[in-house]
Amino acid sequence: MHREQHNGPEYRSDQRTHPFRVDPPPGREGFFLDLGDQHRPGTGTSAPTYWEHRRGENGKSAYVFWFFYAYNDYTNKHEGDWEVIAVQADGTSPTGVVFWQHDIPPCLVSWNLLERTEDDRPVIYSAEHAHGSYPREGEFSHPGGTDRTSKGTRWHTWDAVRDVRSEAWYGFGGGWGDAAPPNTPFGREFSGPDGPHPLVDKAVGALTTTWCDPLAEFAASRESTTWESTDPLVPTFPGASRAAITIGPGTEGRYFATIRYPEAKCSGTLTLVEATVDRASFTQRLTEDPLVQCAAFTEGTVTLTRDGNDLLFTVENSTDHRTHSARLTKR
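Just so it is clear, the structure is predicted and the values come from calculations on it, not from any experiment.

1. A short note on the overall build of the protein chain
Then, number 1: A count of helices and strands for the protein chain gives 1 helix and 18 strands.
Then, number 2: What you see for the protein chain is a C-alpha radius of gyration of 25 Å, clearly larger than the 20 Å of a compact globule of 331 residues, by over 25%.
Then, number 3: The principal-axis extent of the C-alpha atoms belonging to the protein chain is close to 100 × 45 × 35 Å.
Then, number 4: Counting the 331 residues in the protein chain, one finds 42% classified as buried.
Then, number 5: The long-range fraction of contacts in the protein chain, counting pairs at least 24 apart against all pairs at least 6 apart in sequence, stands at 52%.
Then, number 6: When the accessible surface of the protein chain is summed, it comes to about 17,900 Å², and 51% of that surface belongs to carbon and sulfur atoms.
Then, number 7: Side chains of the protein chain give 32 positive and 46 negative charges; the mean places of these two sets differ by 3 Å.

2. Considerations on the sheet that holds strand β1 (residues 49-55)
Then, number 1: Strand order in this open sheet of 6 strands is β5-β4-β3-β2-β1-β10, and the pairing throughout is mixed. Of all strands in the sheet, those bounded by a partner on one side alone are β5 (107-110) and β10 (161-163). Neighbour-to-neighbour, the strand axes of this sheet turn through a mean angle of 35°, independent of strand direction.

3. Re the nonpolar core
Then, number 1: Of all hydrophobic cores here, the largest spans 44 residues; its most connected members are I245, I247, Y261, V302, L304, F313 and L328.
Then, number 2: The contact partners of I247, leaving out residues within four places of it in the chain, are L215, F218, A219, E223, S224, T225, W227, Y255, F256, A257 and L304.
Then, number 3: One finds A62, V164, W176 and A206 within the second-largest nonpolar core, a separate group that totals 16 residues.

4. Remarks on the pattern of salt bridges
Then, number 1: All told, the structure shown has 16 salt bridges when counted by the stated rule.
Then, number 2: Two residues, K151 and E115, come together in a salt bridge whose shortest N-O distance is 3.3 Å. Taken together, the residues K151 in the loop between β9 (145-149) and β10 and E115 in the loop between β5 and β6 (125-126) connect sequence positions 36 residues apart.
Then, number 3: Among the residues examined, E115 registers a relative accessible area of 17% and is labelled buried.

5. Concerning the environment of V123
Then, number 1: If you trace the backbone, V123 turns up in the loop between β5 and β6.
Then, number 2: Given the relative accessible area of 10%, V123 is considered buried.
Then, number 3: Along the chain, V123 and R154 lie 31 residues apart, while their C-alpha atoms are 9.3 Å from each other.
Then, number 4: V123 has contacts with E115, R116, T117, P135 and R154, leaving out every residue within four places of it along the chain.

6. Looking at the packing of aromatic side chains
Then, number 1: Inspection of the entire model under this criterion finds 14 aromatic pairs.
Then, number 2: Ring-pair connections join several aromatic residues into one group, and the members of that group are Y50, W66, F68, W82, W169, F172 and W176.
Then, number 3: One residue, R306, lies across the ring of F218, its end atom 5.1 Å from the ring centre.

7. What to know about the sheet that holds strand β13 (residues 255-261)
Then, number 1: One closed barrel holds the 8 strands; their spatial order is β11-β12-β13-β14-β15-β16-β17-β18, and the pairing between them is antiparallel. In this sheet, adjacent strand axes meet at a mean angle of 30° when their direction is disregarded.
Then, number 2: Here β13 runs beside strand β14 (residues 266-275); their pairing, made up of 5 bridges, is antiparallel. Across the sheet, R260 pairs through a bridge with S267, a residue of β14.

8. A word on the state of the cysteines
Then, number 1: This structure, assessed with the given rule, holds 2 disulfides.
Then, number 2: Covalent S-S linkage joins C107 and C212, the inter-sulfur distance amounting to 2.1 Å. Taking the sign of the S-S torsion, about 95° here, the bridge from C107 to C212 comes out right-handed. Residue C107 is located in strand β5, and its partner C212 is located in the loop between β10 and α1 (214-219); the two are separated by 105 residues in the primary sequence. An identical accessibility class is assigned to C107 and C212; each is buried.
Then, number 3: Across the disulfide from C266 sits C294; the S-S distance is 1.9 Å. On the sign convention where negative is left-handed, the bridge of C266 and C294, at about -50° about the S-S bond, is left-handed. Remark: C294 occurs in the loop between β15 (279-288) and β16 (299-307) and C266 occurs in strand β14; sequence separation between them is 28 residues.

9. Re the environment of D103
Then, number 1: Structurally, D103 is set in the loop between β4 (93-99) and β5.
Then, number 2: For D103, a relative accessible area of 54% puts it in the exposed group.
Then, number 3: Along the sequence, D103 and K202 sit 99 residues apart, while their C-alpha atoms lie 13 Å from each other.
Then, number 4: Beyond its immediate stretch of four places on either side in the chain, D103 contacts H142, P143 and G144.

10. Thoughts on the side chain of S229
Then, number 1: Residue placement: S229 occurs in strand β11 (residues 225-229).
Then, number 2: Judged by its relative accessible area of 2%, S229 falls in the buried class.

Cut-offs used in this document
- Residues numbered from 1 in each chain as written.
- Predicted model: local features only at pLDDT ≥ 70, side-chain atom pairs only at ≥ 80, totals over all residues.
- Heavy atoms only, no water.
- Helix = DSSP H or I, 4+ residues; strand = E, 2+ residues; numbered from the N terminus.
- Rg over C-alpha atoms; globule rule 2.2 N^0.38 Å.
- Buried < 20%, exposed > 50% of the residue type's maximum accessible area, 1.4 Å probe, protein only.
- Contact = heavy atoms within 4.5 Å.
- Areas by Shrake-Rupley, 256 points an atom, 1.4 Å probe, with all protein chains shown as cover.
- Lys, Arg positive; Asp, Glu negative; His and termini not counted.
- Charge placed at Lys NZ, Arg CZ, Asp CG, Glu CD.
- Pairing = 2+ DSSP bridges.
- Axes fitted to C-alpha atoms, helices over the stretch in contact; angles between N-to-C directions.
- Core = buried A, V, L, I, M, F, W, Y, C linked by side-chain atoms within 4.5 Å.
- Salt bridge = Lys/Arg side-chain N within 4 Å of Asp/Glu carboxyl O.
- Phe/Tyr/Trp six-rings, centres within 6.5 Å; stacked < 30°, edge-to-face > 60°.
- Lys NZ or Arg CZ within 6 Å of the ring centre and 35° of its normal.
- Disulfide = S-S within 2.5 Å.

Below, the structure written as structure tokens:
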């Protein structure tokens, strides 16, 4: 039997040897798992889910869940695709889910805004081809394109859940899928990804407090909601009008807001400036004004502040900075 001699350096399987990483040096292929093309369809919803626990401060923690897809069929096609979400908890009570998507940092959706199953499990939507995770179905724009989600095949991920740190392959430092040829421009994006590894933390951000959609958190509802004043604004607004604001999910995935002044017969859009769970500010742009009553308020600033179930509303025009206010009640 002939034994081939190799004189290069030795690498352990847990070393960072992924193609297009700094170790080994650029231009060398590195190590990766080469999946047979016939396996790219994967095993479907019988595939296991992997979990790990991250501890935070003051009793807060996150349960991280890993999902492996055999093939990424998006614009940057490549074998292997590890995706992740995290369920945040305060003690033993779930408080929200962290989502990882493409080209944006991980972000949080509070528990009360999530669609949930009959037994109170959060429903997560996986983007077609690209597998980024989202809290609802729809189209979601990001710097690299558009992700689309829909009510496809339901994957009961809790049927086969395993501790990722107990798996024999945990910490593999190569690529989880075939690699693009050496020196390929953006080759990292066209190669199998990193997997769960103690030194390659793809789940960094599991304890983030950054909201995915601050306006949704302010609205605190999964459905479109309207707040309207019963009395005219004070001081008197043109037409002795009241105000009505609607906030809800839009076609581009994020929440949007519109405003109406019914008696003045003008309406428009509100563009979010900033929001917390208690306060939101917007720039106002009125688009309908047949009686020219709202001309001074075509552009302005709207502020909403929570007061129990009501909203305290203030609008300030951008010309002479006149303000009008009212209490808005949820309809």
